[in-house]
Amino acid sequence: MDLVVVSNRVARAKANEPMTGGLAAALLPVVEKSGAIWIGSSGKVSDTSEKDSPLKIEQLGAGALAMLDLPAAHYGGYYEGFANSALWPALHSRPDLIRASQDDYTSYREVNAFMARALTRFKKPAAAFWIQDYHFLALGAELRKLGFKNPLGFFLHTPWPARAVIAGVPHHRELIEAMLSYDLIGFQTEDDVENFVRCLKMDFGLQLHDGVVMSRFGTTRIGAFPIGIDVEGFAAQARRAASHPDVSRLRMSLGGERLAIGVDRVDYSKGLVNRIAAFDRLFEIEPSFKREVSLLQIATPSRGTIEAYDDLQSELARQVTDVNGRHGEVDWIPIRYLNKGFSQSVLGGFYRAAQVGVVTPLQDGMNLVAKEYVAAQNPADPGVLVLSKFAGAANELDAALQVNPHDIEGMARTIATALSMPVQERRMRWESMMRKLRAGTIHQWFAGFVDTLIEAHAAQDLTAISGVPRIKPLRTADGAFLH
Ligand code: F6P
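Residues numbered from 1 in each chain as written. Predicted model: local features only at pLDDT ≥ 70, side-chain atom pairs only at ≥ 80, totals over all residues. Heavy atoms only, no water.

Here we have 10 strands laid out as an open sheet, ordered β3-β4-β2-β1-β5-β6-β7-β10-β9-β8, and mixed in their pairing. Edge positions in the sheet fall to β3 (56-60) and β8 (208-209), since each of these pairs with one other strand and no more. With four bridges connecting them, strand β7 (residues 184-187) and strand β10 (residues 218-224) associate as parallel partners. In the strand pairing of β10, Phe-187 is matched with Ala-224. Helix-sheet contacts for helix α7 (residues 190-204) involve β7, β8, β9 (212-215) and β10, and the interaxial angle to β10 is about 150°. (Pairing = 2+ DSSP bridges. Helix = DSSP H or I, 4+ residues; strand = E, 2+ residues; numbered from the N terminus. Contact = heavy atoms within 4.5 Å. Axes fitted to C-alpha atoms, helices over the stretch in contact; angles between N-to-C directions.)

Shown next, in the form of structure tokens:
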């Protein structure tokens, strides 16, 4: 069977290129290994139709990457507009930031329809299509309109919020209904599944039975598929990274100083302002940490044309200047703040050099930085992960020091605890987290979703004949039932 993976952003095979975002970095190793075809935006726009738009195809290990230019007239309304100014804030429970115009929604639907037409080039009877993320909620429905009878799966990398929040998105009902064209819808956590199922119940009177909902479009299986990382691959990369010049320079610059690290896109969901405030508070309540500890915050610029992101970028610059100005010394800067991206291979080395990883989003689908930080550690002397309880990763990484990112004082005290933790406890926590990571790698996630998609699609055909959904209850990698 051929597998076609579709996402807005794709990743190139070059290990030394900076990478924006978890999705692209996560999919790269599985596409390389599985032989799937990965289709996404080239990052350029054009006025040509989907038939004339040239596909740039590159080899990606055993797989291939195909990139196409998205329509110039609709790209802004689709990406900066509906996807990132209406859906993204709602999905991250920030209804106050929702900005949506009718034109943006039109553009979003147009780009979904454009991508569906472009995918006809890959239509084969035996191909399965796996659509990724909030950019393409309606792509499955567009494919069905074009007569695709193939298995169609969808995975949402962000959270799915409470019903009252998603209701703030114009046309949310239309979009949720469109999602029911997929055979399988996967979320990061059981909480997301519950929120989505509640929308189906309250807005459409639909009920979930054994993980399956039956609608006028057929049956859709719904479940939680927490995404993982390539644990051993990342650990090996982090070990190798010790010799990278950036990593050596970082280590040399520290002298005897200890390091905490945060790596995020500049995004209001990441809790960056609260994190810097927590370090500010840490140096107030524990002045002994001054000149002894600093935070390396890598804050990759993101979506800068959107007002909320531009405002955040300015706020962070002011805040970091203020904290450094008040606590800094001639030979010590409390917050090393970098507005640029680094390649995955260099980041692994940075994580290994840091005694504390601070991953404190206000809301996050999974947050793969948390998992990568853990995988990168030296088993003999591992660092401590300080993790927001609002990241999807908190479900698995219960041996991290979990924090409420709204509680600045609590975060400051927890960071102090992390910095003082004895090596035995650090090892115990790290080993526990590694067991969880190994039980749910990106390869298991990929295979588990694809197998379930094929099964859900096959059951769909039986349902069409008998009218009764026939799908076995799902099992996760550790054997537990989903629903
Ligand atoms: O969280 C979902 C996600 O796809 C991430 O993987 C990525 O960081 C982000 O959303 C998309 O970012 P961008 O707009 O830069 O592609």
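For the rest of this paragraph, the subject is the site of the ligand. Around the ligand, a shell composed of 12 residues is seen, among which Arg-9, Leu-23, Tyr-79, Asp-133 and Arg-303 lie nearest. Arg-265 places a polar side-chain atom, nitrogen or oxygen, 3.1 Å from an oxygen atom of the ligand. Mapped onto the shell around the ligand, the elements with two or more residues apiece are α1 (22-34) and α2 (72-91). Looking at the shell around the ligand residue by residue, the classes come out as three nonpolar, five polar and four charged. (Near = heavy atom within 4 Å. Polar contact = N/O pair within 3.5 Å; in protein donor to acceptor, adjacent residues only side chain to side chain. Nonpolar A, V, L, I, M, F, W, Y, C, P; charged D, E, K, R; others polar.)

Another point: the side chain of Asp-267. Relative to the elements of secondary structure, Asp-267 occurs in the loop between β11 (258-265) and α10 (272-285). Here Asp-267 falls in the buried class, since its relative accessible area comes to 0%. Among the polar contacts listed, one links the side chain of Asp-267 to the side chain of Arg-303, at a separation of 3.5 Å. A distance of 2.8 Å separates a polar atom in the side chain of Asp-267 from a polar atom in the side chain of Tyr-309. Contact partners of Asp-267, with chain neighbours within four places excluded, come to Trp-88, Leu-272, Arg-303, Tyr-309 and Leu-312. (Buried < 20%, exposed > 50% of the residue type's maximum accessible area, 1.4 Å probe, protein only.)

A few words on the domain arrangement of the protein. Parsing the protein into structural domains produces domain 1 (2-227 + 443-458) and domain 2 (236-439). With both sides pooled, the region where domain 1 packs onto domain 2 buries about 2000 Å², and carbon together with sulfur makes up 60% of that total. Broken down residue by residue, the surface that domain 1 buries against domain 2 is led by Trp-88, His-92 and Ile-227, which jointly contribute 22%. Applying the counting rule to domain 1 against domain 2 returns zero salt bridges. Within the residue set of the side of domain 1 that touches domain 2, elements represented by two or more residues are α1 and α2. The dominant element in the side of domain 1 that touches domain 2, judged by the number of residues it contributes, is α2, at six residues. For the side of domain 1 that touches domain 2, the class distribution of residues is 13 nonpolar, 12 polar and three charged. (Domains from an automatic or database assignment. Buried area = accessible area lost by both parts, 1.4 Å probe. Salt bridge = Lys/Arg side-chain N within 4 Å of Asp/Glu carboxyl O.)

Our next topic: the sheet that holds strand β13 (residues 335-338). On the basis of which strands lie adjacent, the open sheet formed by six strands has the order β13-β12-β11-β14-β15-β16 and parallel pairing. The open sheet has two edge strands, β13 and β16 (401-403), and neither has a second partner. Ignoring strand direction, the axes of neighbouring strands in this sheet form an average angle of 20°. Summarising the sheet, β11 and strand β14 (residues 356-359) pair through two bridges and their orientation is parallel. Paired with Ile-261 across the bridge in β14 is Gly-357. Lying over the sheet, helix α11 (residues 307-327) contacts β11 and β13, oriented at roughly 150° with respect to β13.

The biggest cluster of nonpolar side chains holds 98 residues, and the ones touching the most others in it are Leu-119, Leu-139, Trp-160 and Ile-222. It is α2 that provides the largest number of residues to this core, a total of 10 residues. Here this core gathers at least three residues from each of two domains, domain 1 (2-227 + 443-458) and domain 2 (236-439). Ignoring any residue separated from it by four or fewer positions in sequence, one finds Leu-119 in contact with Val-4, Val-6, Ile-39, Phe-129, Leu-139, Leu-143 and Phe-148. (Core = buried A, V, L, I, M, F, W, Y, C linked by side-chain atoms within 4.5 Å.)

A separate point is unusual backbone geometry. Of note, His-171 is a non-glycine position whose phi angle comes to about 70°, a positive value. With respect to the secondary-structure elements, His-171 resides in the loop between α5 (163-166) and α6 (172-179). With relative accessibility at 25%, the residue His-171 sits in the partly exposed group. A positive phi is found at Asp-210, a non-glycine position, where the angle reads about 50°. Mapped onto the fold, Asp-210 is located in the loop between β8 and β9.

Below, the discussion takes up a negative patch on the surface. A cluster of acidic residues, Glu-307, Asp-310, Asp-311 and Glu-315, forms a negative patch on the protein surface. Along the chain, Glu-307 falls in helix α11. (Patch = residues over 30% accessible without salt bridge, like charges linked within 9 Å, V, L, I, M, F, W, Y side chains within 5 Å. Areas by Shrake-Rupley, 256 points an atom, 1.4 Å probe, with all protein chains shown as cover. Lys, Arg positive; Asp, Glu negative; His and termini not counted. Charge placed at Lys NZ, Arg CZ, Asp CG, Glu CD.)

Here we take up the pattern of salt bridges. Taken as a whole, this structure holds 26 salt bridges when the rule is applied. Linking Arg-275 and Asp-264 is a salt bridge whose minimum nitrogen-to-oxygen distance equals 2.7 Å. One end of the pair, Arg-275, is in helix α10; the other, Asp-264, is in strand β11, and 11 residues separate them in sequence. This pair shows no difference in class: Arg-275 is buried, exactly as Asp-264 is. Across the salt bridge formed by Arg-326 and Asp-322, the nearest N and O atoms sit 3.0 Å from each other. Residue Arg-326 and its partner Asp-322 are located together in helix α11, separated by four residues, close to a single helical turn. According to the relative accessible area criterion, Arg-326 is partly exposed, its value standing at 43%. You can call Asp-322 partly exposed: its relative accessible area is 39%. The network of salt bridges with common partners includes Asp-280, Arg-281, Glu-284, Asp-322, Arg-326, Glu-409 and Arg-413.

A few words now on the confidence of the model for the protein. The predicted model of the protein averages 93 in pLDDT, with 94% of residues at 70 or higher. Note that pLDDT drops below 50 for residues 468-483; the model gives that stretch 37 contacts with residues more than four away or on any other chain. (pLDDT = per-residue confidence, 0-100.)

On the secondary structure map, Ser-93 appears in the loop between α2 and α3 (102-119). Residue class for Ser-93 comes out partly exposed when judged on its relative accessible area of 31%. Linking Ser-93 and Ala-162, residues 69 residues apart in sequence, is a C-alpha distance of 7.8 Å. In this structure Ser-93 touches Pro-161, Val-165 and Gln-363, once residues within four positions along its chain are discounted.

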